[in-house]
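Descriptive analysis of the structure
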Amino acid sequence: MIRSFENADLRERNSFRAAQRAARLAEYDSAAELPEVFERYGMPQWTVLSGGNNILFTRDFDGLLLTPCGKTITVAAENDEMAIVRVDAGVEWDDFVRWATDRGLWGIENLSLIPGKVGAAPVQNIGAYGVEVKDSVVDVEMFVPDACKYAVLAAEHCAFGYRESVFKHTLRNKVVITTVEFRLYKSPRPILAYGNLAREVEARGGATLANIREAVCDIRRAKLPDPAVTGNAGSFFKNPIVDTAVAERLRERYPEMPLYAVPEEGKVKLAAGWLIDKAGLKGFREGNVGVHDTQALVLVNLGGATGGEIAAFADKIRQRVEDEFGIGIDTEVNIL
Ligand code: EPU
(Lines give C-alpha, C1' and ligand atoms only; values in the text may rest on other atoms or scores of the structure.)
Protein backbone atom coordinates (compact mmCIF):
# COMPACT_ATOMS: atom_id res chain seq x y z
CA MET A 1 0.00 0.00 0.00
CA ILE A 2 1.10 3.56 -0.71
CA ARG A 3 0.42 6.33 1.82
CA SER A 4 1.11 9.85 0.68
CA PHE A 5 1.36 13.03 2.75
CA GLU A 6 1.40 16.55 1.35
CA ASN A 7 3.35 19.25 3.21
CA ALA A 8 4.54 16.50 5.54
CA ASP A 9 5.69 17.32 9.05
CA LEU A 10 9.14 15.73 9.50
CA ARG A 11 9.58 16.29 13.25
CA GLU A 12 8.72 12.71 14.17
CA ARG A 13 10.54 11.33 11.14
CA ASN A 14 14.10 12.41 11.93
CA SER A 15 15.97 11.49 15.08
CA PHE A 16 17.27 15.07 15.55
CA ARG A 17 13.59 16.14 15.64
CA ALA A 18 14.24 19.07 13.35
CA ALA A 19 10.86 20.71 12.74
CA GLN A 20 11.10 20.87 8.94
CA ARG A 21 8.50 19.95 6.31
CA ALA A 22 8.57 18.17 2.94
CA ALA A 23 6.40 19.07 -0.06
CA ARG A 24 5.43 15.38 -0.33
CA LEU A 25 6.27 12.19 1.50
CA ALA A 26 5.27 8.74 0.29
CA GLU A 27 5.40 5.57 2.37
CA TYR A 28 5.21 2.26 0.50
CA ASP A 29 4.99 -1.31 1.74
CA SER A 30 6.40 -3.06 -1.32
CA ALA A 31 9.22 -2.28 -3.73
CA ALA A 32 6.82 -3.27 -6.53
CA GLU A 33 4.91 -0.04 -5.83
CA LEU A 34 7.81 2.27 -6.63
CA PRO A 35 6.94 2.80 -10.32
CA GLU A 36 3.47 3.89 -9.22
CA VAL A 37 4.88 6.18 -6.52
CA PHE A 38 7.07 7.95 -9.07
CA GLU A 39 4.27 8.09 -11.65
CA ARG A 40 1.86 9.66 -9.17
CA TYR A 41 4.13 11.86 -7.10
CA GLY A 42 7.45 12.09 -8.98
CA MET A 43 9.16 15.45 -8.59
CA PRO A 44 12.48 16.73 -9.97
CA GLN A 45 13.92 16.53 -6.47
CA TRP A 46 13.55 13.35 -4.43
CA THR A 47 15.45 11.42 -1.83
CA VAL A 48 14.94 8.51 0.54
CA LEU A 49 14.01 9.25 4.15
CA SER A 50 14.40 5.91 5.83
CA GLY A 51 14.55 5.91 9.66
CA GLY A 52 15.80 9.53 9.63
CA ASN A 53 18.66 8.56 11.93
CA ASN A 54 21.54 9.93 9.92
CA ILE A 55 20.06 13.05 8.42
CA LEU A 56 19.87 16.69 9.46
CA PHE A 57 17.26 18.85 7.74
CA THR A 58 18.36 22.48 7.82
CA ARG A 59 15.46 23.66 5.68
CA ASP A 60 12.15 22.46 4.26
CA PHE A 61 12.54 19.83 1.54
CA ASP A 62 10.94 20.99 -1.70
CA GLY A 63 10.47 17.58 -3.24
CA LEU A 64 9.44 13.98 -2.67
CA LEU A 65 10.67 11.92 0.28
CA LEU A 66 10.39 8.14 -0.04
CA THR A 67 9.96 6.00 3.05
CA PRO A 68 10.20 2.21 2.62
CA CYS A 69 7.91 0.28 5.02
CA GLY A 70 8.28 -3.34 3.80
CA LYS A 71 9.09 -5.61 6.72
CA THR A 72 9.91 -9.00 5.19
CA ILE A 73 12.91 -11.14 6.16
CA THR A 74 13.36 -14.40 4.23
CA VAL A 75 16.00 -17.09 4.07
CA ALA A 76 16.77 -17.29 0.35
CA ALA A 77 19.24 -20.17 0.59
CA GLU A 78 21.12 -22.10 3.23
CA ASN A 79 23.49 -24.99 3.84
CA ASP A 80 25.22 -26.38 6.94
CA GLU A 81 27.54 -23.41 7.16
CA MET A 82 25.60 -20.35 6.20
CA ALA A 83 22.32 -18.72 5.32
CA ILE A 84 21.62 -16.12 2.67
CA VAL A 85 18.98 -13.80 4.05
CA ARG A 86 16.98 -11.24 2.05
CA VAL A 87 15.76 -8.28 4.05
CA ASP A 88 13.41 -5.48 3.00
CA ALA A 89 14.82 -1.95 3.19
CA GLY A 90 12.05 -0.98 5.63
CA VAL A 91 12.97 -3.48 8.36
CA GLU A 92 14.37 -1.83 11.50
CA TRP A 93 18.07 -2.70 11.55
CA ASP A 94 18.03 -3.90 15.14
CA ASP A 95 14.93 -6.07 14.51
CA PHE A 96 17.00 -7.85 11.88
CA VAL A 97 19.97 -8.25 14.26
CA ARG A 98 17.63 -9.73 16.87
CA TRP A 99 16.07 -12.02 14.24
CA ALA A 100 19.57 -13.28 13.29
CA THR A 101 20.91 -13.74 16.82
CA ASP A 102 17.70 -15.54 17.89
CA ARG A 103 18.30 -18.02 15.05
CA GLY A 104 21.96 -18.65 15.84
CA LEU A 105 23.21 -16.73 12.80
CA TRP A 106 26.57 -14.97 13.19
CA GLY A 107 27.98 -11.86 11.52
CA ILE A 108 26.01 -8.81 12.60
CA GLU A 109 25.74 -9.22 16.40
CA ASN A 110 28.37 -6.49 17.01
CA LEU A 111 26.06 -4.13 15.09
CA SER A 112 23.28 -4.51 17.68
CA LEU A 113 21.16 -1.48 18.54
CA ILE A 114 22.39 0.74 15.70
CA PRO A 115 19.37 2.92 14.97
CA GLY A 116 18.00 3.02 11.42
CA LYS A 117 16.58 0.72 8.78
CA VAL A 118 18.16 -2.03 6.72
CA GLY A 119 18.07 0.01 3.48
CA ALA A 120 20.30 2.66 5.03
CA ALA A 121 22.89 0.18 6.33
CA PRO A 122 24.88 -0.24 3.09
CA VAL A 123 24.69 3.48 2.24
CA GLN A 124 27.05 4.46 5.02
CA ASN A 125 28.42 0.97 5.61
CA ILE A 126 27.37 1.05 9.25
CA GLY A 127 29.97 -0.21 11.65
CA ALA A 128 30.67 -0.73 15.33
CA TYR A 129 32.94 -2.75 17.62
CA GLY A 130 35.26 -3.96 14.89
CA VAL A 131 32.59 -5.02 12.39
CA GLU A 132 31.22 -3.30 9.29
CA VAL A 133 28.06 -4.31 7.49
CA LYS A 134 30.00 -4.70 4.22
CA ASP A 135 31.45 -7.92 5.64
CA SER A 136 27.98 -9.52 5.54
CA VAL A 137 26.37 -7.91 2.48
CA VAL A 138 26.07 -10.15 -0.58
CA ASP A 139 24.24 -7.69 -2.81
CA VAL A 140 21.94 -4.71 -2.81
CA GLU A 141 18.72 -4.59 -4.83
CA MET A 142 17.39 -1.26 -6.00
CA PHE A 143 14.91 0.61 -8.15
CA VAL A 144 16.27 3.05 -10.75
CA PRO A 145 13.56 5.69 -11.28
CA ASP A 146 15.12 7.25 -14.43
CA ALA A 147 14.97 3.91 -16.22
CA CYS A 148 11.91 2.63 -14.32
CA LYS A 149 13.84 -0.61 -13.74
CA TYR A 150 15.07 -2.76 -10.89
CA ALA A 151 18.75 -3.62 -10.59
CA VAL A 152 21.10 -5.61 -8.36
CA LEU A 153 24.60 -4.57 -7.34
CA ALA A 154 26.97 -7.16 -5.89
CA ALA A 155 28.84 -6.10 -2.74
CA GLU A 156 32.19 -5.96 -4.56
CA HIS A 157 30.80 -3.21 -6.78
CA CYS A 158 29.43 -1.11 -3.92
CA ALA A 159 32.79 0.65 -3.27
CA PHE A 160 32.43 0.09 0.46
CA GLY A 161 34.86 1.92 2.73
CA TYR A 162 34.79 3.39 6.21
CA ARG A 163 31.27 4.93 6.36
CA GLU A 164 31.42 5.07 2.55
CA SER A 165 29.79 3.44 -0.45
CA VAL A 166 28.85 4.11 -4.06
CA PHE A 167 25.37 5.05 -2.76
CA LYS A 168 26.84 8.23 -1.24
CA HIS A 169 28.56 9.20 -4.49
CA THR A 170 27.77 8.14 -8.09
CA LEU A 171 24.48 6.49 -7.14
CA ARG A 172 23.40 9.22 -4.72
CA ASN A 173 19.76 10.10 -5.45
CA LYS A 174 19.87 7.86 -8.53
CA VAL A 175 18.58 4.64 -6.96
CA VAL A 176 16.18 3.57 -4.23
CA ILE A 177 17.49 0.60 -2.23
CA THR A 178 14.69 -1.96 -1.90
CA THR A 179 16.27 -5.13 -0.44
CA VAL A 180 19.63 -6.14 0.97
CA GLU A 181 20.94 -9.69 0.85
CA PHE A 182 23.23 -10.87 3.68
CA ARG A 183 25.45 -13.90 4.25
CA LEU A 184 25.32 -15.05 7.88
CA TYR A 185 27.16 -17.98 9.45
CA LYS A 186 25.92 -20.91 11.53
CA SER A 187 29.12 -21.54 13.49
CA PRO A 188 30.58 -19.11 16.02
CA ARG A 189 32.78 -16.25 14.74
CA PRO A 190 33.10 -13.89 17.66
CA ILE A 191 34.92 -10.61 16.97
CA LEU A 192 35.76 -9.15 20.35
CA ALA A 193 38.99 -7.20 19.88
CA TYR A 194 37.45 -3.72 20.08
CA GLY A 195 37.77 -1.75 23.33
CA ASN A 196 36.38 -3.52 26.38
CA LEU A 197 33.99 -5.79 24.45
CA ALA A 198 35.86 -9.04 25.28
CA ARG A 199 35.77 -8.20 28.99
CA GLU A 200 32.07 -7.36 28.91
CA VAL A 201 31.28 -10.60 27.05
CA GLU A 202 33.38 -12.66 29.46
CA ALA A 203 31.55 -11.07 32.39
CA ARG A 204 28.31 -12.39 30.91
CA GLY A 205 29.60 -15.95 30.69
CA GLY A 206 31.44 -16.16 27.35
CA ALA A 207 31.14 -15.59 23.63
CA THR A 208 27.60 -16.66 22.78
CA LEU A 209 25.48 -14.64 20.36
CA ALA A 210 23.13 -13.62 23.18
CA ASN A 211 25.99 -12.46 25.41
CA ILE A 212 27.68 -10.48 22.64
CA ARG A 213 24.41 -8.81 21.72
CA GLU A 214 23.69 -7.96 25.34
CA ALA A 215 27.20 -6.60 25.93
CA VAL A 216 27.08 -4.41 22.83
CA CYS A 217 23.63 -3.10 23.76
CA ASP A 218 24.78 -2.27 27.29
CA ILE A 219 27.95 -0.49 26.11
CA ARG A 220 25.93 1.55 23.61
CA ARG A 221 23.21 2.43 26.14
CA ALA A 222 25.85 3.64 28.61
CA LYS A 223 27.50 5.98 26.10
CA LEU A 224 24.99 6.99 23.47
CA PRO A 225 21.85 9.05 24.03
CA ASP A 226 18.53 7.34 23.27
CA PRO A 227 17.04 9.20 20.27
CA ALA A 228 13.56 8.55 21.70
CA VAL A 229 14.52 10.80 24.61
CA THR A 230 17.16 13.21 23.26
CA GLY A 231 17.30 14.25 19.61
CA ASN A 232 20.57 13.05 18.03
CA ALA A 233 21.90 11.17 15.03
CA GLY A 234 24.60 8.99 16.57
CA SER A 235 28.13 9.98 15.60
CA PHE A 236 27.88 13.37 13.97
CA PHE A 237 31.41 13.26 12.56
CA LYS A 238 33.47 10.57 10.92
CA ASN A 239 36.73 9.50 12.48
CA PRO A 240 39.40 11.21 10.34
CA ILE A 241 41.83 9.10 8.33
CA VAL A 242 45.21 10.85 8.21
CA ASP A 243 48.79 10.23 7.07
CA THR A 244 50.77 8.15 9.56
CA ALA A 245 53.31 11.00 9.82
CA VAL A 246 50.58 13.40 10.97
CA ALA A 247 49.39 10.92 13.59
CA GLU A 248 52.95 10.32 14.81
CA ARG A 249 53.49 14.06 15.30
CA LEU A 250 50.28 14.27 17.35
CA ARG A 251 51.26 11.21 19.34
CA GLU A 252 54.44 12.98 20.47
CA ARG A 253 52.21 15.60 22.11
CA TYR A 254 49.52 13.14 23.23
CA PRO A 255 51.00 9.66 23.76
CA GLU A 256 47.62 8.36 24.97
CA MET A 257 45.80 9.36 21.75
CA PRO A 258 43.88 6.35 20.29
CA LEU A 259 44.78 5.19 16.76
CA TYR A 260 43.11 2.58 14.55
CA ALA A 261 44.57 0.69 11.60
CA VAL A 262 42.92 1.10 8.18
CA PRO A 263 43.40 -0.85 4.94
CA GLU A 264 45.02 2.12 3.12
CA GLU A 265 48.81 2.07 3.31
CA GLY A 266 50.50 4.95 5.14
CA LYS A 267 47.23 6.00 6.76
CA VAL A 268 45.71 5.66 10.18
CA LYS A 269 42.35 6.53 11.72
CA LEU A 270 42.01 8.91 14.65
CA ALA A 271 39.09 9.07 17.07
CA ALA A 272 37.18 12.30 16.42
CA GLY A 273 35.39 11.86 19.76
CA TRP A 274 38.75 11.87 21.52
CA LEU A 275 39.86 15.01 19.63
CA ILE A 276 36.64 16.86 20.51
CA ASP A 277 36.90 15.68 24.10
CA LYS A 278 40.57 16.69 24.35
CA ALA A 279 39.71 20.13 22.94
CA GLY A 280 37.59 20.54 26.08
CA LEU A 281 34.26 20.36 24.28
CA LYS A 282 32.62 17.29 25.81
CA GLY A 283 29.37 18.52 27.37
CA PHE A 284 29.81 21.98 25.77
CA ARG A 285 26.44 23.61 25.08
CA GLU A 286 25.20 26.62 23.23
CA GLY A 287 21.51 27.45 23.18
CA ASN A 288 19.62 24.23 22.60
CA VAL A 289 22.50 22.27 21.05
CA GLY A 290 25.24 20.39 22.85
CA VAL A 291 28.09 17.91 22.65
CA HIS A 292 26.89 14.77 24.40
CA ASP A 293 28.49 14.38 27.81
CA THR A 294 29.45 10.70 27.62
CA GLN A 295 30.47 10.51 23.93
CA ALA A 296 31.81 13.69 22.34
CA LEU A 297 31.23 12.45 18.77
CA VAL A 298 27.49 12.86 19.26
CA LEU A 299 25.68 16.20 19.04
CA VAL A 300 22.35 16.50 20.82
CA ASN A 301 19.25 18.61 20.35
CA LEU A 302 18.49 19.64 23.92
CA GLY A 303 15.00 20.67 22.90
CA GLY A 304 13.67 22.83 20.10
CA ALA A 305 16.93 23.48 18.23
CA THR A 306 16.47 23.98 14.49
CA GLY A 307 18.51 22.03 11.96
CA GLY A 308 20.28 25.29 11.07
CA GLU A 309 21.32 25.83 14.69
CA ILE A 310 22.68 22.30 14.93
CA ALA A 311 24.63 22.71 11.67
CA ALA A 312 26.11 26.04 12.85
CA PHE A 313 27.10 24.46 16.19
CA ALA A 314 28.74 21.56 14.31
CA ASP A 315 30.79 24.05 12.26
CA LYS A 316 32.04 25.61 15.47
CA ILE A 317 33.11 22.22 16.84
CA ARG A 318 34.85 21.40 13.58
CA GLN A 319 36.70 24.73 13.66
CA ARG A 320 37.82 24.25 17.27
CA VAL A 321 39.26 20.81 16.45
CA GLU A 322 41.01 22.21 13.40
CA ASP A 323 42.51 25.09 15.45
CA GLU A 324 43.64 22.78 18.24
CA PHE A 325 45.04 19.83 16.27
CA GLY A 326 45.21 20.92 12.62
CA ILE A 327 42.87 18.02 11.77
CA GLY A 328 39.73 18.47 9.68
CA ILE A 329 36.73 16.34 10.63
CA ASP A 330 33.96 15.61 8.15
CA THR A 331 30.34 15.08 9.05
CA GLU A 332 28.96 11.58 8.99
CA VAL A 333 25.41 12.85 9.10
CA ASN A 334 23.80 13.73 5.77
CA ILE A 335 23.00 17.47 5.92
CA LEU A 336 20.12 18.60 3.70
N1 EPU B 1 36.82 8.94 23.19
C2 EPU B 1 37.11 9.91 24.12
N3 EPU B 1 36.14 10.80 24.44
C4 EPU B 1 34.91 10.77 23.85
C5 EPU B 1 34.61 9.79 22.87
C6 EPU B 1 35.61 8.89 22.55
O7 EPU B 1 38.22 9.97 24.67
O8 EPU B 1 34.08 11.63 24.20
C9 EPU B 1 37.84 7.93 22.90
C10 EPU B 1 37.45 6.57 23.51
O11 EPU B 1 37.89 6.46 24.84
C12 EPU B 1 38.13 5.61 22.59
C13 EPU B 1 38.07 6.30 21.24
O14 EPU B 1 37.90 7.69 21.50
O15 EPU B 1 39.48 5.44 22.95
C16 EPU B 1 36.93 5.77 20.36
O17 EPU B 1 35.69 5.93 21.04
P18 EPU B 1 34.47 4.88 20.87
O19 EPU B 1 34.94 3.50 21.12
O20 EPU B 1 33.34 5.38 21.68
O21 EPU B 1 34.16 4.93 19.33
P22 EPU B 1 34.11 6.12 18.24
O23 EPU B 1 35.29 5.98 17.35
O24 EPU B 1 33.93 7.42 18.93
C25 EPU B 1 32.86 4.68 16.47
C26 EPU B 1 31.63 4.78 15.62
C27 EPU B 1 30.39 4.50 16.46
C28 EPU B 1 30.52 3.11 17.05
C29 EPU B 1 31.81 3.06 17.90
C30 EPU B 1 32.08 1.70 18.47
C31 EPU B 1 32.17 6.38 13.89
C32 EPU B 1 31.90 7.72 13.30
N33 EPU B 1 31.54 6.09 15.02
O34 EPU B 1 32.80 5.73 17.43
O35 EPU B 1 29.29 4.50 15.58
O36 EPU B 1 29.42 2.79 17.85
O37 EPU B 1 32.94 3.41 17.08
O38 EPU B 1 32.51 0.85 17.46
O39 EPU B 1 32.93 5.60 13.31
C40 EPU B 1 27.63 5.95 14.66
O41 EPU B 1 28.20 5.81 13.59
O42 EPU B 1 26.60 6.64 14.79
C43 EPU B 1 28.20 5.33 15.85
C44 EPU B 1 27.72 5.52 17.07
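The preceding data block contains the structure.
In short, a report on the structure. (Residues numbered from 1 in each chain as written. Predicted model: local features only at pLDDT ≥ 70, side-chain atom pairs only at ≥ 80, totals over all residues. Heavy atoms only, no water.)

This part covers the nonpolar core. Membership of the largest hydrophobic core comes to 45 residues, with the highest contact counts inside it found for Trp-93, Phe-96, Phe-167 and Phe-182. Looking at this core, the elements that each hand over two or more residues are strand E7 (82–88), helix H2 (93–102), strand E10 (137–144), strand E12 (176–185), helix H3 (197–203) and helix H4 (209–223). Apart from residues lying up to four places away in sequence, Phe-96 is in contact with Ile-73, Val-85, Val-87, Val-91, Ile-108, Val-118, Phe-182 and Leu-184. Grouped together as the second largest cluster of nonpolar side chains are 35 residues, Ala-233, Tyr-254, Ala-271 and Val-321 included. (Core = buried A, V, L, I, M, F, W, Y, C linked by side-chain atoms within 4.5 Å. Buried < 20%, exposed > 50% of the residue type's maximum accessible area, 1.4 Å probe, protein only. Helix = DSSP H or I, 4+ residues; strand = E, 2+ residues; numbered from the N terminus. Contact = heavy atoms within 4.5 Å.)

In sheet architecture, strand pairing relies on hydrogen bonds along the backbone and comes in two forms, parallel and antiparallel. If you trace the five strands from one edge of the open sheet to the other, you get E6-E7-E12-E10-E11, paired in antiparallel fashion. Single-partner strands in this sheet number two, and they are strand E6 (73–78) and strand E11 (149–154). Averaged over all neighbouring strand pairs, the angle between strand axes comes to 20 degrees, with direction disregarded. By the bridge criterion, seven bridges tie E7 to E12 in an arrangement that is antiparallel. The residue bridging Ala-83 from the neighbouring strand is Leu-184, located in E12. The sheet contacts of H2 involve E6, E7 and E12, and relative to E12 the element is tilted by about 25 degrees. (Pairing = 2+ DSSP bridges. Axes fitted to C-alpha atoms, helices over the stretch in contact; angles between N-to-C directions.)

Take H4 next. When the terminal C-alpha atoms of H4 are compared, their 21 Å separation across 15 residues agrees well with the 21 Å that a helix rising 1.5 Å per residue should span. If you check which residues of H4 are buried, you get Leu-209, Asn-211, Ile-212, Arg-213, Ala-215, Val-216, Cys-217, Ile-219 and Arg-220. As for H4, its buried residues are in contact with H2, strand E8 (127–128) and H3. (Expected span 1.5 Å × (residues − 1).)

Moving on, we come to the site of the ligand. Around the ligand, the structure places 24 residues, and the nearest of them are Tyr-129, Tyr-162, Arg-163, Tyr-194 and Asp-277. Here an oxygen atom of the ligand and a side-chain polar atom of Asn-239 are 2.8 Å apart. Expressed as a share of its isolated accessible area of 810 Å², the protein-covered part of the ligand is 83%. Those elements that provide at least two residues to the shell around the ligand are E8, H4, strand E13 (231–235) and helix H6 (272–278). Counting residues per element, the shell around the ligand draws most heavily on H6, which supplies three residues. Counting contributing residues per domain, the shell around the ligand is built from domain 2 (73–222) and domain 3 (231–335), each supplying no fewer than three. (Near = heavy atom within 4 Å. Polar contact = N/O pair within 3.5 Å; in protein donor to acceptor, adjacent residues only side chain to side chain. Areas by Shrake-Rupley, 256 points an atom, 1.4 Å probe, with all protein chains shown as cover. Domains from an automatic or database assignment.)

Our focus in this paragraph is the packing of aromatic side chains. Under the defined criterion, the tally for this structure stands at 15 aromatic pairs. When the ring of Tyr-194 is compared with that of Tyr-260, the centres are 5.9 Å apart and the planes differ by 10 degrees; the resulting orientation is stacked. Here Tyr-194, found in the loop between E12 and H3, pairs with Tyr-260, found in strand E15 (residues 259–261); they are 66 residues apart in sequence, far enough to count as distant. Residue classification places Tyr-260 among the partly exposed residues on the basis of a relative accessible area of 29%. (Phe/Tyr/Trp six-rings, centres within 6.5 Å; stacked < 30°, edge-to-face > 60°.)

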